[in-house]
Amino acid sequence: VQLQASGGGLVQAGGSLRVSCAASGSIFSLNTMHWYRQAPGKQRELVATIASNGNTIYADSVKGRFTISRDNAKNTVYLEMNGLKPEDTAGYYCKADVVRVGGRRYDYWGQGTQVTVSS
C-alpha cells in the first residue's frame, strides 16, 4: 500500500491551495484518514481528520479555513486550505487507517508535500 501526496506549492498569504493524497495497492477499505503537518524545528501536529462516515475534526488553528474531504471511489483524501497564513508553512503528510485485502489493519503515511506561504 502506498499513499501519494501532491498539490503543495508556494502561495501568498491569504491565498488557497488544495493538497491530495491517493492510496493505492492491496486495499480492502480505508477507515479514518488524517492530515498532519510539520514545520522545521517543530513537532508533527494533527491538522484534520475525516472518518469513513464523513465526520470531521479540525485543529483549532485551522478551523474555519481548512476543509478535509474524501472520495472513497478514488481512495483519496483532500485538504482544501483557504486564508493561508505564513504560520501554515510546513510539510503536509497524510495518514490512513487501511484495511488490507485479507482483513488486517495498518496505518500508512504518505511522503509529504511542502506548502510555503509567503507574507
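The preceding data block contains the structure.
This section reports on the structure supplied with the text. (Residues numbered from 1 in each chain as written. Predicted model: local features only at pLDDT ≥ 70, side-chain atom pairs only at ≥ 80, totals over all residues. Heavy atoms only, no water.)

Some details on unusual backbone geometry
Working step 1: In this structure, Asn75 is a non-glycine residue whose phi angle is positive, near 50°.
Working step 2: Among the structural elements, Asn75 can be located in the loop between strand S7 (66–71) and strand S8 (76–81).
Working step 3: For Asn75, a relative accessible area of 24% corresponds to the partly exposed category. (Helix = DSSP H or I, 4+ residues; strand = E, 2+ residues; numbered from the N terminus. Buried < 20%, exposed > 50% of the residue type's maximum accessible area, 1.4 Å probe, protein only.)

Here we look at the state of the cysteines
Working step 1: Taken as a whole and judged by the stated rule, the model has one disulfide.
Working step 2: The residue that forms a disulfide with Cys21 is Cys94, at a sulfur-sulfur distance of 1.9 Å. Of note, the bridge from Cys21 to Cys94 carries an S-S torsion of about 55° and is right-handed in sense. On the criterion of sequence distance, the pair formed by Cys21 in strand S3 (residues 17–24) and Cys94 in strand S9 (residues 90–100) is long-range, its members being 73 residues apart. Accessibility classification places Cys21 together with Cys94 in one group, the buried group. (Disulfide = S-S within 2.5 Å.)

Notes on the packing of aromatic side chains
Working step 1: For the coordinates displayed, the defined rule picks out two aromatic pairs.
Working step 2: Taken together, a centroid distance of 4.9 Å and an interplanar angle of 55° make the contact between Tyr36 and Trp109 tilted. Of this pair, Tyr36 sits in strand S4 (residues 27–38) while Trp109 sits in strand S10 (residues 105–109); the two residues are 73 residues apart in sequence, bridging distant segments of the chain.
Working step 3: For Tyr36, a relative accessible area of 15% gives the class buried.
Working step 4: Geometrically, the ring pair formed by Tyr106 and Tyr108 is tilted, given 6.2 Å between the ring centres and 55° between the ring planes.
Working step 5: Taking NZ or CZ as reference, Arg44 lies 3.8 Å from the ring centre of Tyr93, over its face.
Working step 6: One cation-aromatic arrangement involves Arg44 over Trp109; the distance from NZ or CZ to the ring centre is 4.8 Å. (Phe/Tyr/Trp six-rings, centres within 6.5 Å; stacked < 30°, edge-to-face > 60°. Lys NZ or Arg CZ within 6 Å of the ring centre and 35° of its normal.)

Nothing here speaks to function; it is geometry throughout.
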